[in-house]
Amino acid sequence: MIHSLFLINCSGDIFLEKHWKSVVSQSVCDYFFEAQEKAADVENVPPVISTPHHYLISIYRDKLFFVSVIQTEVPPLFVIEFLHRVADTFQDYFGECSEAAIKDNVVIVYELLEEMLDNGFPLATESNILKELIKPPTILRSVVNSITGSSNVGDTLPTGQLSNIPWRRAGVKYTNNEAYFDVVEEIDAIIDKSGSTVFAEIQGVIDACIKLSGMPDLSLSFMNPRLLDDVSFHPCIRFKRWESERVLSFIPPDGNFRLISYRVSSQNLVAIPVYVKHSISFKENSSCGRFDVTIGPKQNMGKTIEGVTVTVHMPKVVLNMNLTPTQGSYTFDPVTKVLTWDVGKITPQKLPSLKGLVNLQSGAPKPEENPSLNIQFKIQQLAISGLKVNRLDMYGEKYKPFKGVKYVTKAGKFQVRT
Amino acid sequence: MSSNSFAYNEQSGGGEATELGQEATSTISPSGAFGLFSSDLKKNEDLKQMLESNKDSAKLDAMKRIVGMIAKGKNASELFPAVVKNVASKNIEIKKLVYVYLVRYAEEQQDLALLSISTFQRALKDPNQLIRASALRVLSSIRVPIIVPIMMLAIKEAAADLSPYVRKNAAHAIQKLYSLDPEQKEMLIEVIEKLLKDKSILVAGSVVMAFEEVCPDRIDLIHKNYRKLCNLLVDVEEWGQVVIIHMLTRYARTQFVSPWREDDGLEDNEKSFYDSDDEQKEKTDKRKKPYTMDPDHRLLIRNTKPLLQSRNAAVVMAVAQLYWHISPKSEAGIISKSLVRLLRSNREVQYIVLQNIATMSIQRKGMFEPYLKSFYVRSTDPTMIKTLKLEILTNLANEANISTLLREFQTYVKSQDKQFAAATIQTIGRCATNISEVTDTCLSGLVCLLSNRDEIVVAESVVVIKKLLQMQPAQHGEIIKHMAKLLDSITVPVARASILWLIGENCERVPKIAPDVLRKMAKSFTSEDDLVKLQILNLGAKLYLTNSKQTKLLTQYILNLGKYDQNYDIRDRTRFIRQLIVPNEKSGALSKYAKKIFLAQKPAPLLESPFKDRDHFQLGTLSHTLNAKAAGYLELSNWPEVAPDPSVRNVEVIDLAKEWTPAGKAKNENPTKKFYSESEEEEDSSDSSSDSGSESGSESGEEDEEGDSSEDSSEDSSSEPESESGHQSDTENRRAAKRNSKTKGKGDSKDGKKENEKSKTSDSSNAESSSVEESSSDSESESESESESESRKVTKEKEKKAKQDRNRLATDASLLDLDDFNPVSTPVALPTPALSPSLIADLEGLNLSTSSSVISVWIPSADLRATHQATLQQHPHVK
């Protein structure tokens, strides 16, 4: 399926190549560069490119392009999903998925790629199996290895590979047994000029950090499972049990993983925790405009809204901005025309605002449309949908684990049209 | 050592070869002889020396540096002789890196690569399954044609290996050997046939992959394994799932009759309100037609449904396309929710999913209408995502939602992303033609845009207005006049050409303006774009024919300009027009008809979706994305008129018994097996001790009871040492039974889940019968010492039955077990004494569950019916 993989950085250097079948020349990437040039923007490089002899399927992640070479029919999502899994694995192993990290660990990267694909077909992609085969680099380990001469490569088949629960390895041991769940909900919304909601929905995930010894069998139940409209599961979850009882029952992987992601049924009205008052105007035949934005809390369930940031992609004709924030700080990048206002916490007594003048290129026609505002915020200890974990039970092990659940609400793709 | 250099010299007698020959013997000769080599070679020299050293650490360092070179794409092939010697290294990391090197360069240095073969052959016999597997991987990856027979032998052996992991690798090796030597096809198909029978979930995906690559047309190999694959599907790893689902989609299209027949006729006029009353329609359909779905067809559709919940986008897409291509149209609706969910993913996934939705939304609008707002565009979306969303919005537009959509489009038109704004204008045009109610609104909106400041927007509007006016030959003189004025300001050639064409077409409606426009154009003719010049010529010709008094001279002037134009197209056109319209002695009969030719009624252009023609490709494929047939694309066949014999999928038990033997042996050496069942056991014991304070008292009482009986049974089964899998299913049974009792306890308090009495009574009879089937199949699996995965499967099935819908399970059991494990034909199927507790528990569980009031309500009615039928059909087998 996947013939070869090229890793390309932003300046267009191919800094890693790996072939699973016969070697494909680097020159095949020229087609990719061509498409990249045409697209102008990295975001717009088409993920699937057809060349005379090959097909190139690429992803863009962390300022890197992962370009895979395909020769025959294959579901494109298969390749895309796999490439993202590769990037996830790098992230997991090296803490970041960057050119420097990959170059520093090129041998481990190669060993990983070798294990992940055989003849272009995925072989082992579960992170715990890979970690048994190839140990992640740590400073301590490299010191120990250099003294004892032991290697980073496991010599037995990982236990997970053969079991029905490939995501967990045997013999996990912790002195403190802990299970943490983070319920993170994101509000996606489009708010129109007048402040009414065009579209809003809540997307949530439950991320888990499980450090439990042995083979614990967990079941997590909710107070109000009916809120969950559409759910996707980590493979560890017993689907049948969910269908019948609405209980998440699973033998967890070791460490951090995403347990479920869900969408809250769209019939429920979504509470929008902030409102924005804005007046942005550009004067005709003059080289300046006015900018005035105020943010206030609304339907915040008595919780503080923090980590507020406003990002605005200003029109191209804007040269500079002279603004005064009542709170926080702002930056304007005259090259990318991006205005970022880091607000911080919203206190209802004194609403944060950002006012001032906009300098336009003289002579250029005034922009047609006001830019839309992208807003980020965070509310701790609140799941905006009202989802609540009822209880977590553990079976299969004797010890008593420490359990914790945390709720956070964030802005997802939260956009205010002006 | 000497053989090493000898082999190389024989192979290629160049200057380099002698160098390398020296190289190979360098342990004997002093290293001073290398002064002549370039600095690059010198650099490799120390690598060679490191590889020659006795210390593993030095070798490892050298290998790491070499792998670094390979990764960067630098040539490290000259190190081949030095590296290949280390293939037998004891150090596993060195070994692995040497493998990496070999796979990369063996194809270039075939003869030297042969030296390593014996090492692999030895490793293939290693007691460690990981080493066996990796030896097979490398052996099959080095692409040296001479070793094809060795590979063939190794694959055959590995396919019968006890370790499922090695068998998985054997399946991968099949494809490699096939691409190296297609001659081996027949032999490889034999291996594939054998591996297809494998019961391990590890092997399933890989062997289907091999099947798809080597012999996708041998659909007959699938028959016997069809039900097994369907049942294994949920447990197979995600990548395997994708491949199997795609294969089964193709299979289903050849083996079952179309479930759409009735729908097809209705489709056209039902499109818009399809979704709202499909339930009802389903019923009427059922009454009208004698079509019944093959239970195997149903099995596939049902077993893939849970996978819509997968975290892997590729799996979700695969299931979605399966539903699209093979499920009854009324059931395909469930995929839309999952597909919309994928839109939260990264942009590449969005891109592919949106493309597929675009194709789907043309044919079945209703599916995505409820999710209209999910396709609203954000200013931060990449342009390619924006245009795809726009495409879908257009497809979904209808009388009911068009006003909302047009308001949304107004925002888009003003977007800073002009390419997107232009696409929006085209979209408005399409909506205007598709929905006649809003044509005038759209048109006036587009006319407003003509005063837009951005040229691209104006140009696009002009082009779209032209198309709209052409479709509506009503009086639009005002708009044409307005557009004629625009000619002074607008510079985009396409727009200018469009305006000119429009004026030419309607020159009789604007008799005063048209000649004036021609006058202006004649002035600027030489500086116009070719596209515009052609339209000026056209306009001139049309005016000459209708209003020759005013424009004769002008037209002749233009024709003269055209005659000497640099572009031959324009010169040609000029000559042609002159002959046609200016009567002279040479011109033939044609000029009489010139007016008819030029001012004929032209058909209006069709504004169509670019995704209109994509539906002949299977959704989710590369070919669909590219809208062109990719190499190796397998055509989805049309439904057969008459279903081929369904009995080919029946599996005889005797066959199975043979198949199971390797898997059964494999189980014994499988370490995870043991701990898993242990954990299950422990779970049970800790169950009662765990703090379940919130549960009701009566329930805990039952739990205790269960716990007691489970104690007994576990003792029983532990006294029977070889019945490990039975033991496991035992515990599973007990768990299931326990859960039943729990659900029973809770059932009363849960309000929304009460069911009608009728179905309950019928259920109980179903469940009764299926319980008998179940138990017999269970004992069967016991005596066969079936593979772990399978037994898990069965127990899972049981769990499912006990917990949720018994109806479904009844079919499950009949499909999986009855045919596979027909108790009548097998005397082996008698229950062994050790098993009886589990049987009892099983039966108990079923009884409990049937009497409980908790019956899930979400089963579609069609499902119910199908299951009843299926159960009825299967009854004879039980007796």
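See the structure printed just above.
Below is a summary of the structure that appears in this document. Given the structure is predicted, the values throughout are model-derived calculations rather than measurements.

It is worth spelling out the overall build of chain A at this point. Scanning chain A from terminus to terminus reveals eight helices and 23 strands. When its C-alpha atoms are laid out on the principal axes, chain A stretches across 75 × 55 × 45 Å. In chain A, buried positions account for 60% of the 418 residues. For chain A, the accessible area works out to roughly 16,500 Å², and carbon and sulfur atoms hold 50% of it. On chain A, the mean spot of the 43 positive side-chain charges and the mean spot of the 45 negative ones are 9 Å from each other.

So, on to the overall build of chain B. Helix and strand counts for chain B come out as 43 helices and zero strands. Looking at the 879 residues of chain B, the share that counts as buried comes to 60%. Residue pairs at least 24 apart in sequence account for 72% of intrachain contacts in chain B once pairs closer than 6 positions are excluded. A total accessible area of about 35,400 Å² is found for chain B, and carbon and sulfur atoms account for 53% of it.

What follows concerns unusual backbone geometry. Residues and elements named next belong to chain A. One non-glycine residue, Asp-62, adopts positive backbone phi at about 50°. Within the secondary structure, Asp-62 sits in the loop between β4 (55-61) and β5 (64-70). Backbone geometry places Gln-381, a non-glycine residue, at a positive phi of 60°. Along the polypeptide, Gln-381 turns up in the loop between β21 (373-380) and β22 (389-395). For Gln-381, a relative accessible area of 61% translates into the label exposed.

If you look at the biggest cluster of nonpolar residues, it comprises 264 residues, and the most contacted ones within it are Phe66(A), Phe90(A), Ile66(B), Tyr101(B), Leu339(B), Phe375(B) and Ile581(B). Broken down by element, this core gets its largest block of residues, 12 residues, from helix α19 (residues 313-326) of chain B. If we skip the residues at most four places from it in the chain, Phe90(A) touches Leu7(A), Phe66(A), Gly95(A), Glu96(A), Cys97(A), Ile102(A), Val109(A), Leu112(A) and Leu113(A).

Once that is clear, we can look at the packing of aromatic side chains. Here the structure, examined in full by the defined rule, presents 22 aromatic pairs over all chains. Seen from their ring centres, Phe32(A) and Phe65(A) are 4.9 Å apart, and the 70° between their planes marks the pair as edge-to-face. Here Phe32(A), found in helix α1 (residues 29-39), pairs with Phe65(A), found in strand β5; they are 33 residues apart in sequence, far enough to count as distant. Judged by its relative accessible area of 0%, Phe32(A) falls in the buried class. Between the NZ or CZ atom of Lys466(B) and the centre of the ring of Trp501(B), over which it lies, the distance is 5.0 Å. Over the ring of Tyr226(B) we find Arg649(B); its NZ or CZ atom is 5.6 Å from the centre of that ring.

With that settled, consider the interface of chain B and chain A. Each partner contributes residues to the interface: chain B has 120 residues there, and chain A has 113 residues. Here chain B and chain A share an interface that buries about 10,400 Å² over both sides, 54% of which is from carbon and sulfur atoms. Counting the surface chain B buries against chain A, the share from its top three residues, Trp239(B), Arg344(B) and Arg378(B), is 8%. Seen at the junction of chain B and chain A, the total is 12 salt bridges. When the shortest N-O distance is used, the salt bridge between Glu126(A) and Arg311(B) registers 3.1 Å. Joining chain B to chain A, the criterion identifies 38 residue pairs in polar contact (both at pLDDT 80 or more). The element that contributes the greatest number of residues to the side of chain B that touches chain A is helix α36 (residues 671-689) of chain B, accounting for eight residues. Considered class by class, the residues forming the side of chain B that touches chain A number 39 nonpolar, 42 polar and 39 charged.

With that settled, the discussion passes to the pairing of strand β13 (residues 255-264) of chain A. Residue and element names in this part refer to chain A. Along β13, seven of the 10 residues are buried, which leaves the element largely enclosed by surrounding structure. The pairing of strand β9 (residues 197-211) with β13 spans eight bridges and is antiparallel. Each residue of the ladder has a partner; that of Gly-204, found in β13, is Tyr-262. With five bridges connecting them, strand β11 (residues 228-233) and β13 associate as antiparallel partners. Its bridge partner lying in β13, Leu-228 is registered against Val-264.

Residue and element names in this part refer to chain A. As for its position among the elements, Lys-337 is in the loop between β18 (329-333) and β19 (338-346). The side chain of Lys-337 is buried and forms no salt bridge, while Asp-333, the nearest opposite charge, is found at 8.0 Å. At 2.8 Å, the side chain of Lys-337 and the backbone oxygen of Val-318 are in polar contact. A polar contact of 3.1 Å, which involves the side chain of Lys-337, links it to the backbone oxygen of Pro-334. Setting aside residues no more than four positions away along its own chain, Lys-337 makes contact with Val-312, His-313, Met-314, Pro-315, Lys-316, Val-318, Leu-319 and Phe-332.

Hydrogen bonds between backbone groups are what pair the strands of a sheet, and the pairing can be parallel or antiparallel. All names here are of chain A. Reading across the sheet, the three strands line up as β12-β10-β22 and stay open at both edges, with antiparallel pairing between neighbours. Single-partner strands in this sheet number two, and they are β12 (247-250) and β22. With direction set aside, neighbouring strand axes in the sheet form an average angle of 15°. The pairing of strand β10 (residues 217-222) with β22 spans six bridges and is antiparallel. Its bridge partner being in β22, Phe-222 is matched across the sheet by Val-389.

What follows deals with the sheet that holds strand β14 (residues 274-282) of chain A. Residues and elements named next belong to chain A. Read across the sheet, four strands follow the order β14-β15-β20-β17 without closing on themselves; strand pairing throughout is antiparallel. Looking along the sheet, the strands with just one partner apiece sit at the ends: β14 and β17 (318-325). The mean inter-strand angle of the sheet, taken between neighbouring strand axes irrespective of direction, is 15°. Bridge count for β17 against strand β20 (residues 353-360) is seven bridges, and the pairing is antiparallel. The residue bridging Thr-324 from the neighbouring strand is Lys-355, located in β20.

Summed over the entire model, instances satisfying the criterion amount to 50 salt bridges over all chains. A salt bridge links Asp230(A) to Arg341(B); its shortest N-O distance comes to 3.3 Å. Residue Asp230(A) is located in strand β11, and its partner Arg341(B) is located in helix α20 (residues 334-342); the two belong to separate chains. As far as burial versus exposure is concerned, Asp230(A) and Arg341(B) are alike and both buried. Note that Arg298(B) is salt-bridged to Glu331(B), the shortest N-O span being 3.0 Å. A residue pair is termed long-range when its members are at least 10 positions apart, and Arg298(B) in helix α18 (residues 295-304) and Glu331(B) in the loop between α19 and α20 qualify at 33 residues. For the pair formed by Arg298(B) and Glu331(B), the shared burial category is buried. Overlapping salt bridges bring together Lys18(A), Glu114(A), Glu115(A), Asp118(A), Lys96(B), Arg137(B) and Lys176(B) as one network.

The next thing to look at is the packing of helix α24 (residues 418-434) of chain B against helix α25 (residues 439-449) of chain B. Think of two packed helices as two axes; the pair is described by the angle between the axes and how far apart they sit. Residues and elements named next belong to chain B. Contact geometry for α24 and α25: axes closest at 8 Å, N-to-C directions at 155°. Classified by the interaxial angle, the pair formed by α24 and α25 is roughly antiparallel. The handedness of the crossing between α24 and α25 comes out as left-handed. For the pair α24 and α25, the contacting residues are Ile-425, Ile-428 and Ala-432 in the first and Thr-439, Cys-442, Leu-446 and Leu-449 in the second. Classifying every residue of the contact of α24 with α25 gives six nonpolar, one polar and no charged.

Assignment of secondary structure puts Gln175(B) in helix α10 (residues 164-180). As a C-alpha pair, Gln175(B) and Glu213(B) span 38 residues in sequence and 6.7 Å in three-dimensional space. Each residue touching Gln175(B), except ones within four places of it in the same chain, is listed here: Asn119(A), Ser206(B), Met209(B), Ala210(B) and Glu213(B).

The next subject is a nonpolar patch on the surface. Residue and element names in this part refer to chain B. Side chains of Leu-590, Tyr-593 and Ile-597 sit close together on the surface and give an oily, nonpolar patch of about 310 Å² of accessible area. If you trace the backbone, Tyr-593 turns up in the loop between α32 (568-581) and α33 (594-598). What makes Tyr-593 partly exposed here is its relative accessible area of 46%.

This next bit is on the packing of α10(B) against helix α11 (residues 185-196) of chain B. Residue and element names in this part refer to chain B. Following both chains from N to C, one finds α10 and α11 inclined at 160°, their axes separated by 11 Å at the closest point. Of the possible angle classes, the one that applies to α10 and α11 is roughly antiparallel. Classified by chirality, the crossing of α11 by α10 is left-handed. Contact residues: α10 offers Arg-167, Ala-171, Ile-174, Leu-177 and Tyr-178, while α11 offers Lys-185, Leu-188, Val-191, Ile-192 and Leu-195. By residue class, the composition of the contact of α10 with α11 is eight nonpolar, no polar and two charged.

Conventions we followed
- Residues numbered from 1 in each chain as written.
- Chains lettered and ligands numbered in written order.
- Predicted model: local features only at pLDDT ≥ 70, side-chain atom pairs only at ≥ 80, totals over all residues.
- Heavy atoms only, no water.
- Helix = DSSP H or I, 4+ residues; strand = E, 2+ residues; numbered from the N terminus.
- Buried < 20%, exposed > 50% of the residue type's maximum accessible area, 1.4 Å probe, protein only.
- Areas by Shrake-Rupley, 256 points an atom, 1.4 Å probe, with all protein chains shown as cover.
- Lys, Arg positive; Asp, Glu negative; His and termini not counted.
- Charge placed at Lys NZ, Arg CZ, Asp CG, Glu CD.
- Contact = heavy atoms within 4.5 Å.
- Core = buried A, V, L, I, M, F, W, Y, C linked by side-chain atoms within 4.5 Å.
- Phe/Tyr/Trp six-rings, centres within 6.5 Å; stacked < 30°, edge-to-face > 60°.
- Lys NZ or Arg CZ within 6 Å of the ring centre and 35° of its normal.
- Buried area = accessible area lost by both parts, 1.4 Å probe.
- Salt bridge = Lys/Arg side-chain N within 4 Å of Asp/Glu carboxyl O.
- Polar contact = N/O pair within 3.5 Å; in protein donor to acceptor, adjacent residues only side chain to side chain.
- Nonpolar A, V, L, I, M, F, W, Y, C, P; charged D, E, K, R; others polar.
- Pairing = 2+ DSSP bridges.
- Axes fitted to C-alpha atoms, helices over the stretch in contact; angles between N-to-C directions.
- Parallel < 35°, antiparallel > 145°, perpendicular 65-115°, else oblique.
- Left-handed = near helix turned anticlockwise from the far one by under 90°.
- Patch = residues over 30% accessible without salt bridge, like charges linked within 9 Å, V, L, I, M, F, W, Y side chains within 5 Å.

None of this, on its own, says anything about what the molecule does.
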